[in-house]
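Here is what each chain is made of, one letter per residue.
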There are 2 protein chains.
Amino acid sequence: MKNINNSKLRIIPLGGLEQIGMNITAFEFEDSIIVVDCGLSFPEDDMLGIDLVIPDVTYLKDNIDKVKGFVITHGHEDHIGALPYVIKEINVPIYATKLTMGIIENKFTEHNLLKSTKRKIVKHGQSINLGMFRIEFIKTNHSIADAAALAIYSPAGIVVHTGDFKVDYTPVFGDAIDLQRFAEIGKKGVLALMCDSTNAERQGFTMSERTVGRTFDNIFAEHRNTRIIIATFASNVDRVQQIINSAYKYGRKVVVEGRSMVSIISIAAELGYLNIPDYTLIDVEQMKNYPDEQMVLITTGSQGESMAALSRMASDMHRKVSIKPGDTVIFSSHPIPGNEKAVSKVINELSAKGADVIFQDAHVSGHACQEEIKLIYSLVHPKYAIPVHGEYRHLKAQAQLAQSLGIPKDRIFIMKSGQVLELDENEPAKITGQVQTGAILVDGLGVGDVGNIVLRDRQHLAEDGIVIVVLTLERYTNQVLAGPDIVSRGFVYVRESEDLMGEARKVIEEALAYCETKRISDWSKIKNTIRDELNNFIWKKTKRSPMILPIIMEV
Amino acid sequence: MKNINNSKLRIIPLGGLEQIGMNITAFEFEDSIIVVDCGLSFPEDDMLGIDLVIPDVTYLKDNIDKVKGFVITHGHEDHIGALPYVIKEINVPIYATKLTMGIIENKFTEHNLLKSTKRKIVKHGQSINLGMFRIEFIKTNHSIADAAALAIYSPAGIVVHTGDFKVDYTPVFGDAIDLQRFAEIGKKGVLALMCDSTNAERQGFTMSERTVGRTFDNIFAEHRNTRIIIATFASNVDRVQQIINSAYKYGRKVVVEGRSMVSIISIAAELGYLNIPDYTLIDVEQMKNYPDEQMVLITTGSQGESMAALSRMASDMHRKVSIKPGDTVIFSSHPIPGNEKAVSKVINELSAKGADVIFQDAHVSGHACQEEIKLIYSLVHPKYAIPVHGEYRHLKAQAQLAQSLGIPKDRIFIMKSGQVLELDENEPAKITGQVQTGAILVDGLGVGDVGNIVLRDRQHLAEDGIVIVVLTLERYTNQVLAGPDIVSRGFVYVRESEDLMGEARKVIEEALAYCETKRISDWSKIKNTIRDELNNFIWKKTKRSPMILPIIMEV
């Protein structure tokens, strides 16, 4: 892997910086590109009606001949969710660990992509060769099993990419993070470290997943006479394992509710990541055959998602499970920023139904806090630091940590999506360019057909509704044959608005008369006159600005 | 105050239960009603386009002859914000402490209500007589100065209402909460305690406001060479005082930015609640005459509100202040649930501009935690407990505290808005009825003219936009003279949708042909046919359900 041509390694994040989600980074060396992760993000509050957001991969399409494959760190949506959309255009092989691949394949089955794509499972400790790159998968811990960090060997040097990670010395399933290997690679000399910043603002260490198991045991011991319902993230297989362990220990049967939960549990069990004692798991239909104190329900909805199983139970919309006074409901989760109110709503509904709701101490994060980040920096000892995974504030917090560990400020890069960072061992790294990136909105079946104009219209409609003015004019003479008819939606109660609409009609008629006097016959000018006059009138009367849409027909 | 007729006291919360905000409670005894507080609440996420929410006071209007006055505990929006709307219909005297009244009068000036209303300032320790009631104002501490608890004396017994409060032994301004008076009244025998539940889920004590002053001093000492910008709640006069103190101590001038901040500071200074050393406060225009290290800006926007001063500075929209690298920005606040993402956005923008953002340890809550709540219960020793101020989860948490203190479960009432609780010393209290209550939505100048149908339409429009189909038919024959024209907004990019709209037109023409064959001439049936067919077609093609609005004109 000697760098004969003195070429440089180019690191190009195509998403995932300045935001949580949509992680995707291209590594380019001469004729080779590899892509680490291919995630989606969830819509911001102002992206009305949007289902999900995927990265713009124009740069990869433009360099399709160079792209050797996708290397995936773990199976969370923000790292794999855009694959079904992107793979249709960039159909290159996908490399991932076993569980991660199982989750990808489940997705691909739904999208009918299983036959048309190449996939290869890689074990921790194994390496793959892709063009000028060699990529080694290193065992880490995270809130989903089988997460990997990557050591990316290029002729310009080694880059270590942590993926999402935490240091768990006592993981529930499998081994602890392979700190020895981080150290070994660090000893060889690492050009750059790209490290998870999600918790970089938090001091100390993230607790071991195993501590949650002890909390479950305590809660189960204290609530022997009630039904227990636990909401958690579908993908946290270790969490589910610990619930099953506690259930088994306390002689309870387990029911799983929520589509994504059922799906992940079956993948994990099939692939050996979940150990379910015989006769423990029962179907929701069988629940009636067991007394409450012998039941545990594991369910989705820990983020207050309105369509998830727990929310439907809380609001009496679930067909099979109703909340009863005395039920113990555990939120084994922490609200993701933005979901606090939705979670609180569900807690209120559950409490009002008499449930005992527990939402403390039954969760730990999957991301490294400051002491763990410092540990990885100390083991890897990189020349350059490139904080990844997080909003700007998180990236900056990690940059400050890196600086406190002695990395000079000019060797720390807080990158923006689309920036091209060129680096090697010889010259100072620098940002040398910018490629096209962006967020592509997915709404129903439409990918990219909702953009800023449509969103702006939706926001306008959401704020004050719409007032439609319809006119039929006679061709040539522009004489009004029918209308103006006024129809409104989302503006004001119809019965409240009769007077207002009567006056509005007069305003429109005056606008039309004005157009006639001024001999304005251009329809777009007539429409603009109606829009302006009506807009002024409505604002004056109501201090609202509905969208005003004049439509002219001719006969 | 002997109860000769054995009448009962009726407590009727008209809002404020099961939610944060919109606090208003009626106390009724025979021919007398007094109303404690008259707050607004801010719109929920699904109340699109709504500015604020006020309580339905039909019960007071129906009993207008009995209503003796509004008694206000403190000057926060959730306790006084609905007064300008409600007082127009229930014009009775308002009683409040000096600063609270100053804030109310400022509001009334804006609403042009100052001359038409009666107001009386009450001091802590004073009592007022209103019909069958006597109401004593008791000094408390809160995140706004001049907060009061109320002892409400009726012939049926004494009710203590804490208002929003905390126990601050070392307040910044004025006295600590009058715990002796709580104890004294408790000794007399208290029928019911209505106690603030906001922090009832939190263990321990809320820290003294004064601790924030020490944090400011430390931050000022550590950042001697940079400009300091501090965002906090406009109404937290004591917080502002402490910023001014630190500024004075460290030789800095103070600029105040943000309309509500300027307004409250001038009221507070005028009424003597704020002590500003001479030459400390300067105008924003003068800022250029001082070096950065001699400046402190106090600003609104600590909740990430997009139109507030700090957000405008962060996004380069503020006309007078730009963020510079090195600026120290302090969030002296905690995000109110629902605002986390907005706050984070502002932090990211500030960080990206090179500001050093501090958002820890520079705030304390204004509400009592569990130990303080227990203290008040122990001093007041009420027969009945009626937790107030909070969502269900908070009310329930206080109910559990009350129970842990020995109050029997059947003497603890978690009330719902509109319920009537009847109580006296003799018989067990019970809920005896329900009066009309509700949320009235204010949108622009419209009070109550936006209801569920309008909101549902706005949500529908926000989700998938609107598709309008316009037709001109010949009168009598129903022959199509013009159209169908299709116009959409917020649905899909126009250039993406040409094919789709072409096909949609065919679907509509087929629907019209069908109506003709079946001799359907009723317009509403024709419209329904168009709507159904087009809806099916669009769902199949896009998996979206825009609002479909057929409009028929006749010539």
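What counts and what doesn't
- Residues numbered from 1 in each chain as written.
- Chains lettered and ligands numbered in written order.
- Predicted model: local features only at pLDDT ≥ 70, side-chain atom pairs only at ≥ 80, totals over all residues.
- Heavy atoms only, no water.
- Helix = DSSP H or I, 4+ residues; strand = E, 2+ residues; numbered from the N terminus.
- Buried < 20%, exposed > 50% of the residue type's maximum accessible area, 1.4 Å probe, protein only.
- Contact = heavy atoms within 4.5 Å.
- Areas by Shrake-Rupley, 256 points an atom, 1.4 Å probe, with all protein chains shown as cover.
- Lys, Arg positive; Asp, Glu negative; His and termini not counted.
- Charge placed at Lys NZ, Arg CZ, Asp CG, Glu CD.
- Salt bridge = Lys/Arg side-chain N within 4 Å of Asp/Glu carboxyl O.
- Domains from an automatic or database assignment.
- Buried area = accessible area lost by both parts, 1.4 Å probe.
- Patch = residues over 30% accessible without salt bridge, like charges linked within 9 Å, V, L, I, M, F, W, Y side chains within 5 Å.
- UniProt positions renumbered as here; feature names shortened; annotations may be inferred.
- Polar contact = N/O pair within 3.5 Å; in protein donor to acceptor, adjacent residues only side chain to side chain.
- Phe/Tyr/Trp six-rings, centres within 6.5 Å; stacked < 30°, edge-to-face > 60°.
- Lys NZ or Arg CZ within 6 Å of the ring centre and 35° of its normal.
- Axes fitted to C-alpha atoms, helices over the stretch in contact; angles between N-to-C directions.
- Left-handed = near helix turned anticlockwise from the far one by under 90°.
- Nonpolar A, V, L, I, M, F, W, Y, C, P; charged D, E, K, R; others polar.
- Pairing = 2+ DSSP bridges.
- Parallel < 35°, antiparallel > 145°, perpendicular 65-115°, else oblique.

Participant: I keep staring at the overall build of chain A and nothing clicks. Help me out?
Facilitator: When helices and strands are counted, chain A shows 15 helices and 25 strands. With 555 residues in all, chain A has 58% of them scored as buried. Sequence-distant contacts, at least 24 apart, represent 72% of the contacts inside chain A between residues at least 6 apart. Of the roughly 23300 Å² of accessible surface on chain A, 47% is carried by carbon and sulfur atoms. Taking the average place of the 62 positive charges on the side chains of chain A and the average place of its 70 negative ones, the gap between the two points comes to 2 Å.

Participant: Just checking my understanding: could you explain the pattern of salt bridges for this structure?
Facilitator: Close approach of charged atoms allows side chains of opposite charge to pair. Residue and element names in this part refer to chain A. In this structure the tally under the stated criterion is 47 salt bridges over all chains. Where Glu77 meets Lys107, a salt bridge forms, and the shortest distance between an N and an O atom there is 2.7 Å. Pair noted here: Glu77 is in helix H2 (residues 77-80) and Lys107 is in helix H4 (residues 98-110), with a separation of 30 residues, a long-range link. Lys107 sits in the buried class, given a relative accessible area of 15%. One salt-bridge network, held together by shared partners, links Arg10, Glu28, Lys66 and Glu422.

Participant: Looking at this structure, I do not really get the domain arrangement of chain A. What am I missing?
Facilitator: Many analyses report the size of an interface as the accessible area lost when the parts associate. Residue and element names in this part refer to chain A. The assigned domain composition of chain A is domain 1 (9-204 + 366-447), domain 2 (210-358) and domain 3 (465-554). For domain 1 and domain 2, the distance between their C-alpha centres works out to 32 Å. On the domain 2 side, the residues contacting the 15 residues of domain 1 number 15 residues. Summing both partners gives a buried area of about 1400 Å² for domain 1 against domain 2, and 59% of it is carried by carbon and sulfur. The largest share of the area that domain 1 buries against domain 2 comes from Leu99, Val172 and Phe173, three residues that together contribute 39% of it. Across the domain 1-domain 2 interface, the total number found is zero salt bridges.

Participant: I keep staring at a negative patch on the surface and nothing clicks. Help me out?
Facilitator: On the surface, Asp45 and Asp46 of chain A together with Glu44, Asp45 and Asp46 of chain B cluster together into a patch of negative charge. Locating Glu44 of chain B in the fold gives a position in the loop between strand E3 (32-36) and strand E4 (52-55). Classification of Glu44 of chain B by relative accessible area gives partly exposed; the value is 41%.

Participant: It is not clear to me how the UniProt feature "binding site: Zn(2+) 2" (unreviewed entry) in chain A should be interpreted in this structure. Could you clarify?
Facilitator: All names here are of chain A. Here the UniProt-annotated "binding site: Zn(2+) 2" (unreviewed entry) positions come out as Asp78, His79 and Asp164. Of the residues just listed, which span 87 residues, no C-alpha pair is farther apart than 10.2 Å, and they cluster in one region. Inspection of the secondary structure assignment puts Asp78 in helix H2. Leave out the neighbours within four places in its chain, and Asp78 touches Gly21, Met22, Asn23, Gly39, Leu40 and Asp164. Note on placement: Asp164 falls in the loop between strand E11 (157-161) and helix H5 (179-188). Beyond its immediate stretch of four places on either side in the chain, Asp164 contacts His74, Asp78, His79, Thr140, Asn141, His142, Ala147, Asp196, His367 and His389. Engagement of the side chain of Asp164 in a polar contact is seen with the side chain of His74, the distance being 3.3 Å.

Participant: Any chance you could explain the interface of chain A and chain B here in plain terms?
Facilitator: Contacts between the two partners involve 67 residues from chain A, matched on the other side by 68 residues from chain B. Between chain A and chain B the total buried area reaches about 5400 Å² when both faces are included, carbon and sulfur atoms providing 58% of it. Summed over the three residues of chain A that lose the most area to chain B, namely Lys341, Arg393 and Met553 of chain A, the buried surface amounts to 12% of that side. Linking chain A with chain B are five salt bridges. Close ionic contact of Arg544 of chain B with Asp449 of chain A constitutes a salt bridge, the shortest N to O distance being 2.5 Å.

Participant: Can you help me understand the UniProt feature "domain: Metallo-beta-lactamase" (unreviewed entry) in chain A in this one?
Facilitator: When the UniProt feature table is mapped onto this chain numbering, "domain: Metallo-beta-lactamase" (unreviewed entry) sits at residues 21-223 of chain A. Across residues 21-223 of chain A one finds 25% helix and 27% strand; the C-alpha atoms that close the span lie 38 Å apart.

Participant: Before we go on, may I ask you to explain the packing of aromatic side chains in this structure?
Facilitator: Two measures describe an aromatic ring pair: the distance that separates the ring centres and the angle between the ring planes. For the structure on display, the rule yields six aromatic pairs over all chains. Arranged with centres 6.1 Å apart and planes meeting at 55 degrees, the rings of Tyr384 of chain A and Phe413 of chain A form a pair that is tilted. Of the two residues, Tyr384 of chain A is situated in strand E18 (residues 382-385) and Phe413 of chain A in the loop between helix H12 (392-404) and strand E19 (419-423); the sequence distance between them amounts to 29 residues. When its relative accessible area of 2% is taken as the criterion, Tyr384 of chain A is described as buried. Look at Phe413 of chain A and you get buried, because its relative accessible area is 13%. One residue, Arg393 of chain A, lies across the ring of Phe359 of chain B, its end atom 4.6 Å from the ring centre.

Participant: Please clarify how the packing of helix H14 (residues 498-517) of chain A against helix H15 (residues 523-542) of chain A should be interpreted in this entry.
Facilitator: Axis angle and axis distance: for two packed helices, these are the angle between their axes and the distance between the axes, and together they describe the pair. All names here are of chain A. Relative orientation of the contacting elements H14 and H15 amounts to 145 degrees, with a least axis distance of 9 Å. Classified by chirality, the crossing of H15 by H14 is right-handed. For the pair H14 and H15, the contacting residues are Leu500, Glu503, Ala504, Val507, Ile508, Ala511, Leu512, Tyr514 and Cys515 in the first and Ile526, Thr529, Ile530, Glu533, Leu534, Phe537, Lys541 and Thr542 in the second. The class makeup of the residues in the contact of H14 with H15 is 12 nonpolar, two polar and three charged.

Participant: I'm lost on the environment of Ser32 of chain B in this one. Help?
Facilitator: Residue and element names in this part refer to chain B. Take Ser32: it is sitting in strand E3. Exposure remark for Ser32: the relative accessible area of 0% places this residue in the buried category. Along the backbone, Ser32 and Leu395 are 363 residues apart, and their C-alpha atoms lie at a distance of 28 Å. Those residues in contact with Ser32 that sit more than four places away from it in its chain are Phe27, Lys66, Lys68, Leu130, Gly131, Met132 and Phe133. Engagement of the side chain of Ser32 in a polar contact is seen with the side chain of Asp31, the distance being 3.0 Å.

Participant: How should I be thinking about the sheet that holds strand E7 (residues 119-121) of chain A in this particular structure?
Facilitator: As a general point, the strands of a sheet are linked pairwise by backbone hydrogen bonds and lie either parallel or antiparallel. All names here are of chain A. One open sheet holds the eight strands; their spatial order is E7-E6-E5-E3-E2-E1-E19-E20, and the pairing between them is mixed. Looking at the sheet topology across the chains shown, the edges are occupied by E7 and strand E20 (430-434). Sheet twist, expressed as the mean angle between neighbouring strand axes with direction ignored, is 25 degrees. Here strand E3 (residues 32-36) pairs with strand E5 (residues 67-71) via four bridges, running parallel. Within E5, the position partnered with Val36 by the bridge is Val71. Across the sheet, H4 is in contact with strand E6 (94-96) and E7; its angle to E6 comes to roughly 140 degrees.

Participant: Explanation requested: the packing of H5 of chain A against helix H11 (residues 370-380) of chain A in the structure shown.
Facilitator: Residue and element names in this part refer to chain A. Relative to each other, H5 and H11 sit at 45 degrees, their axes nearing to 7 Å. On the basis of their axis angle, the class for H5 and H11 is oblique. Here Leu179, Phe182, Ala183 and Gly186 of H5 lie close against H11, whose contacting residues are Leu375, Ile376, Leu379 and Val380. Considering only residue class, the contact of H5 with H11 consists of seven nonpolar, one polar and no charged.

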